[in-house]
Amino acid sequence: MNRLNLQGRVFCVAAAVLCIATTWLPSLNALSARTELLVALVLMGLFGVPHGALDTLFAQRLHGLSRALPWLGFVMAYLGLAAAVVALWWWFPVAFLVGFLVVSAIHFSGDLRHGVSAWARLFYGSSVVVLPALLHEQQVTQLFAWLINTGTNTNTNTASWLVAGLHALGWPCLLGLIVSAAWLARSDRSTAIEIIAVGAVFTWATPLFGFTLYFCLMHSARHTLRSQHYAQVTLRTLVKAAVWPLLGLGVLVAIAWLALQMLSPQTTVDQRAVQLFFVALAALTVPHMALVERVRWSGWGLDAAGN
């Protein structure tokens, strides 16, 4: 069994445990919204976000960066794209949110092994953003409302409309996901089980816990394993490559938190935390995708048995 198969099985087991716990442990569902948010953001910060810090490995290999000036140009371009996303959020938060959902669905569809059909990828990627609205409309609406209510937008009804649209897409998406898994099961049982696990966790678990599990144990873990193989480096080199980008991100996050306090003093701590995390995630996803998508579409340099 290769490492990606093992990682996929670990995720599937964890997804099953979370779904069972959601059903049979009332204390899990009784957690306060703030506690759930704190646990989710800490886990995603520790085990999810760091995979993006490996973009330096892709930049070095794709563009042959070795001297200070080219590296400076890369960093400025990367941060410029991220800043443009933040500006879009501040001035046009609804357009930002819709764009973020679409981009996320496209990006997350890359989790599946190379060679999986476009239809299966469509339903898989869409399930991450659509299925939480099936059974958890109120929680998703609250998260969306916090995201789009910036200093330039205070229309709380927009979040309800967006969630209603996602809810309407939920059942067709779930059906498509199940059909895709059933079709794949004939030739690739492991991928079929992963698809079912993703569908189950996003439908049944709470949106924050479901996304946290998926983001940490599926998307980020799989990206890290693929990055190590693509760059042909040791785990130690992988950690060293992530240190400076993560330190820089920490500084930017601290500055952004203070800026949000100054620009939107009326927002609650919970709202600012959601805005900071998900806007930062969106801002980093755009340059991240610009850098790694062509590697992803080419199959990550892996053979059919290992991708």
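Residues numbered from 1 in each chain as written. Predicted model: local features only at pLDDT ≥ 70, side-chain atom pairs only at ≥ 80, totals over all residues. Heavy atoms only, no water.

S.K.: How should the overall build of the chain be read in this particular structure?
M.R.: Counting secondary structure elements, the chain contains 14 helices and zero strands. Along the chain, from the amino end to the carboxyl end, the secondary structure elements read α-α-α-α-α-α-α-α-α-α-α-α-α-α. Expressed as lengths along the three principal axes of its C-alpha atoms, the size of the chain is roughly 50 × 50 × 30 Å. The buried share of the chain, taken over its 307 residues, is 49%. In the chain, the proportion of contacts linking residues at least 24 apart, taken out of those at least 6 apart, comes to 78%. Split by element, the accessible area of the chain, about 15,100 Å² in all, is 73% carbon and sulfur. Averaging the positions of the 16 positive and the 9 negative side-chain charges in the chain gives two centres separated by 10 Å. (Helix = DSSP H or I, 4+ residues; strand = E, 2+ residues; numbered from the N terminus. Buried < 20%, exposed > 50% of the residue type's maximum accessible area, 1.4 Å probe, protein only. Contact = heavy atoms within 4.5 Å. Areas by Shrake-Rupley, 256 points an atom, 1.4 Å probe, with all protein chains shown as cover. Lys, Arg positive; Asp, Glu negative; His and termini not counted. Charge placed at Lys NZ, Arg CZ, Asp CG, Glu CD.)

S.K.: Can you walk me through the layout of surface pockets in this structure?
M.R.: The gaps of empty space that remain are located by a probe, the size of a water molecule, rolled over the atoms. Quantified by volume, the second largest pocket comes out at close to 330 Å³. Lining the second largest pocket we find 17 residues, and of these Leu46, Phe47, Pro50, His51 and Thr224 sit closest to its centre. For the lining of the second largest pocket, the elements supplying multiple residues, two or more each, are helix 3 (33–47), helix 12 (207–231) and helix 13 (235–263). Top contributing element to the lining of the second largest pocket by residue count: helix 13, with six residues. Of the residues in the lining of the second largest pocket, the class split is 13 nonpolar, four polar and no charged. (1 Å grid on protein atoms, 1.4 Å probe; cavity = no way out; pocket = protein on both sides within 12 Å on 5 of 7 lines; lining within 4 Å. Points joined across faces, edges and corners; volume = space filled by probe spheres on them. Nonpolar A, V, L, I, M, F, W, Y, C, P; charged D, E, K, R; others polar.)

S.K.: Would you mind going over the pattern of salt bridges with me for this structure?
M.R.: Pairing is possible between side chains that carry opposite charge, provided their charged atoms lie close to one another. Within the structure shown, the criterion is met by three salt bridges. Across the pair aspartate 270 and arginine 34 runs a salt bridge whose closest N-O atoms are separated by 2.9 Å. In this pair, aspartate 270 is assigned in helix 14 (residues 269–297) and arginine 34 in helix 3, connecting sequence segments 236 residues apart. You can call aspartate 270 buried: its relative accessible area is 13%. Among the salt bridges present, the one from arginine 222 reaches glutamate 194, with a minimum N-O distance of 2.9 Å. Of the two residues, arginine 222 is situated in helix 12 and glutamate 194 in helix 11 (residues 189–204); the sequence distance between them amounts to 28 residues. For the pair shown, arginine 222 and glutamate 194 are each scored as buried. Where salt bridges share partners, they join Arg113, Glu194 and Arg222 into one cluster. (Salt bridge = Lys/Arg side-chain N within 4 Å of Asp/Glu carboxyl O.)

S.K.: How do you make sense of the packing of aromatic side chains when you look at a structure like this?
M.R.: Each aromatic ring pair is described using two quantities: the centre-to-centre distance and the angle formed by the ring planes. If you walk through the whole model with that rule in mind, you get 13 aromatic pairs. Ring geometry for phenylalanine 211 and phenylalanine 278: centres 6.2 Å apart, planes at 50 degrees, overall tilted. Taken as a pair, phenylalanine 211 in helix 12 and phenylalanine 278 in helix 14 lie far apart in primary sequence, 67 residues in all. Here phenylalanine 211 matches phenylalanine 278 in class, with each residue buried. These aromatic residues form a ring-pair network of at least three members: Phe108, Phe202, Phe211, Tyr214, Phe215, Phe277 and Phe278. Positioned above the aromatic ring of tyrosine 230, the side-chain terminus of arginine 61 is 4.6 Å from the ring centre. Stacked on the ring of tryptophan 183, the Lys or Arg arginine 186 has its end atom at 3.7 Å from the ring centre. (Phe/Tyr/Trp six-rings, centres within 6.5 Å; stacked < 30°, edge-to-face > 60°. Lys NZ or Arg CZ within 6 Å of the ring centre and 35° of its normal.)

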